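Breakdown of the fold
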Amino acid sequence: MGVDVATPAAATAVPVVGRTREVELLVAALDAGAHVVLEGPPGTGKTTLLRAVADEARLPFVFVEGNAELTPARLVGHFDPAQVLERGYSPETFVDGALAEALRSGALLYVEEINRIPEETLNVLITVMSEGELHVPRLGRIVAAPGFRLVAAMNPFDAVGTARISSAVYDRVCRIAMGYQSAGDENAVVTLRGPEVDEQWRAKVVALVRRTREHPDVHVGSSVRGAIDMVRITAALAGRRGRDVTDWRSGLDSALVALSGRIRLVESGTRTAEDVVRELYRAEFGEEPSADDDSDGADSPDGSPGGGAPGGA
Ligand SMILES: Nc1ncnc2c1ncn2[C@@H]1O[C@H](COP(=O)(O)OP(=O)(O)OP(=O)(O)O)[C@@H](O)[C@H]1O
Ligand SMILES: [Mg+2]
């Protein structure tokens, strides 16, 4: 009750680009009955990978968003007060939370952002991992059905609570590190998730997003999500403006919208996120083609080919 268990019957194939090694490691760890933490920056495909593996192996799974409000009662379940008044404390008046549901059905419990959950909730998970069962006051024991495993995702850059993940948790889980994928793989992800656009232009969008991860003023750059959004927004914006998707201005405007909120700057820096995005955009797409060069990518009418905009097309 109140919790969605994604059943294999409802599953649709989730395509995963690349990641063959991580898929293999995750499948093996789950086969071995281990609990697993997937650790990597946002947007590195942790959820995608888990969904694909769960689908492929036809494993049911229960999804929980980890945050400061995830109390033990929310995770485990609670007695419905109105029902309790009428019928007293009994299994029928208990509303299963995600953990009770996963334990009973032998599902994978997928906890996003495990580092954000409160200490008491973390302790509940530690107990379940060690003992394979849960004791709920006035309800009794909930024993883990075969197949129950915890898979948690965690972002190493997240300042919230990362340090709190104690050695007690780490000692009970196996860890798979998820770094950023190669440019080729990220390109394939954007192709999969975004609209159809000029291939060379799309590759430059991916390159621009990758540059945000190396800029000295940036602490955390954009994930591939930024590239997916930039491609989508540019296509929409250029369409409204009656221009080709490779239009320089539309690309810059979209880059600002898609990326400026996604990059986190170093604290000592003096520049704004917009400045950094503009700089990187120019480095990747060149300077703006001259104003009277209206036709996208064509030589300028006054005879200067490209108008000094390398790769501006
Ligand atoms: N290898 C991949 N194959 C297919 N799609 C991918 C891949 N990696 C990322 N994506 C796409 O990028 C986006 C982010 O991926 P996902 O949600 O799996 O990341 P995440 O690591 O779970 O992020 P977060 O830490 O923010 O929860 C999604 O739209 C997803 O479809
Ligand atoms: Mg995720």
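Fair warning: this is a prediction, and the values are worked out from it, not measured in the lab. (Residues numbered from 1 in each chain as written. Chains lettered and ligands numbered in written order. Predicted model: local features only at pLDDT ≥ 70, side-chain atom pairs only at ≥ 80, totals over all residues.)

**Looking at the pairing of strand E6 (residues 108-112)**
- Judged by how many residues are buried, E6 sits mostly within the fold: five of five residues are covered.
- Burial of the side chains of E6 extends over both faces: Leu108, Tyr110 and Glu112 are buried on one face and Leu109 and Val111 on the other.
- Bridging between strand E3 (residues 61-65) and E6 involves five bridges; their strand directions are parallel. Bridge pairing in E6 places Phe61 opposite Leu108.
- Relative to strand E9 (residues 149-154), E6 runs parallel, the two being bridged by four bridges. By the bridge assignment for E9, Val111 is matched with Ala152. (Buried ≥ 20, exposed ≤ 12 C-beta atoms within 10 Å, placed from the backbone. Helix = DSSP H or I, 4+ residues; strand = E, 2+ residues; numbered from the N terminus. Pairing = 2+ DSSP bridges.)

**Focus on the nonpolar core**
- Counting residues in hydrophobic clusters, the biggest one holds 44 residues, and the most contacted among them are Val62, Val64, Leu99, Leu109, Tyr110 and Ala152.
- For Ala152, the contacting residues outside a window of four places in its chain are Val37, Val111, Ile114 and Val173.
- Ranked by size, the runner-up nonpolar core spans 22 residues in total, among them Val205, Val209, Ala258 and Tyr281. (Core = buried A, V, L, I, M, F, W, Y, C linked by C-beta atoms within 7 Å. Contact = placed C-beta atoms within 7 Å.)

**Details of helix H9 (residues 199-211)**
- For H9, which comprises 13 residues, the first-to-last C-alpha distance of 18 Å matches the rise-based estimate of 18 Å (1.5 Å per residue) to within 8%.
- Restricting attention to buried positions, one finds in H9 the residues Arg202, Val205, Val206, Leu208, Val209 and Arg210.
- Of the surrounding secondary structure, the elements contacted by the buried residues of H9 are helix H8 (183-193), helix H10 (224-240), helix H11 (248-259) and helix H12 (273-285). (Expected span 1.5 Å × (residues − 1).)

**Details of the site of ligand 1**
- Taken together, 20 residues surround ligand 1, and among them Pro42, Gly45, Lys46, Thr47 and Thr48 come closest.
- For the shell around ligand 1, the elements supplying multiple residues, two or more each, are helix H2 (46-56), H8 and H10.
- Here the residues of the shell around ligand 1 are counted per class, giving eight nonpolar, seven polar and five charged.
- Formed jointly, the shell around ligand 1 draws a minimum of three residues from each of two domains, domain 1 (5-177) and domain 2 (183-290). (Near = placed C-beta within 6 Å. Nonpolar A, V, L, I, M, F, W, Y, C, P; charged D, E, K, R; others polar. Domains from an automatic or database assignment.)

**Considering the pairing of E9**
- Where burial is concerned, most of E9 is hidden: six out of the six residues are buried.
- Neither face of E9 is exposed, since Arg149, Val151 and Ala153 on one face and Leu150, Ala152 and Met154 on the opposite face are all buried.
- Bridge analysis of strand E2 (residues 36-39) against E9 gives four bridges, and the strand direction is parallel. Residue pairing in the sheet places Val36 in a bridge with Val151 of E9.

**Describing unusual backbone geometry**
- A positive phi is found at Arg19, a non-glycine position, where the angle reads about 60 degrees.
- Unlike most non-glycine residues, Arg138 shows phi in positive territory, near 70 degrees.
- Locating Arg138 in the fold gives a position in the loop between strand E7 (133-136) and strand E8 (140-143).
- Judged by C-beta crowding, with 11 C-beta atoms within 10 Å, Arg138 ranks as exposed.

**Some words on the environment of Ser254**
- Tracing the chain through its elements places Ser254 in helix H11.
- Taking the number of C-beta atoms within 10 Å as the measure of exposure, Ser254 has 24 and is therefore buried.
- For the pair Ser254 and Thr234, spaced 20 residues apart in sequence, the C-alpha separation works out to 5.4 Å.
- Beyond its immediate chain neighbours, meaning those up to four positions away, Ser254 contacts Met230, Ile233, Thr234 and Leu237.

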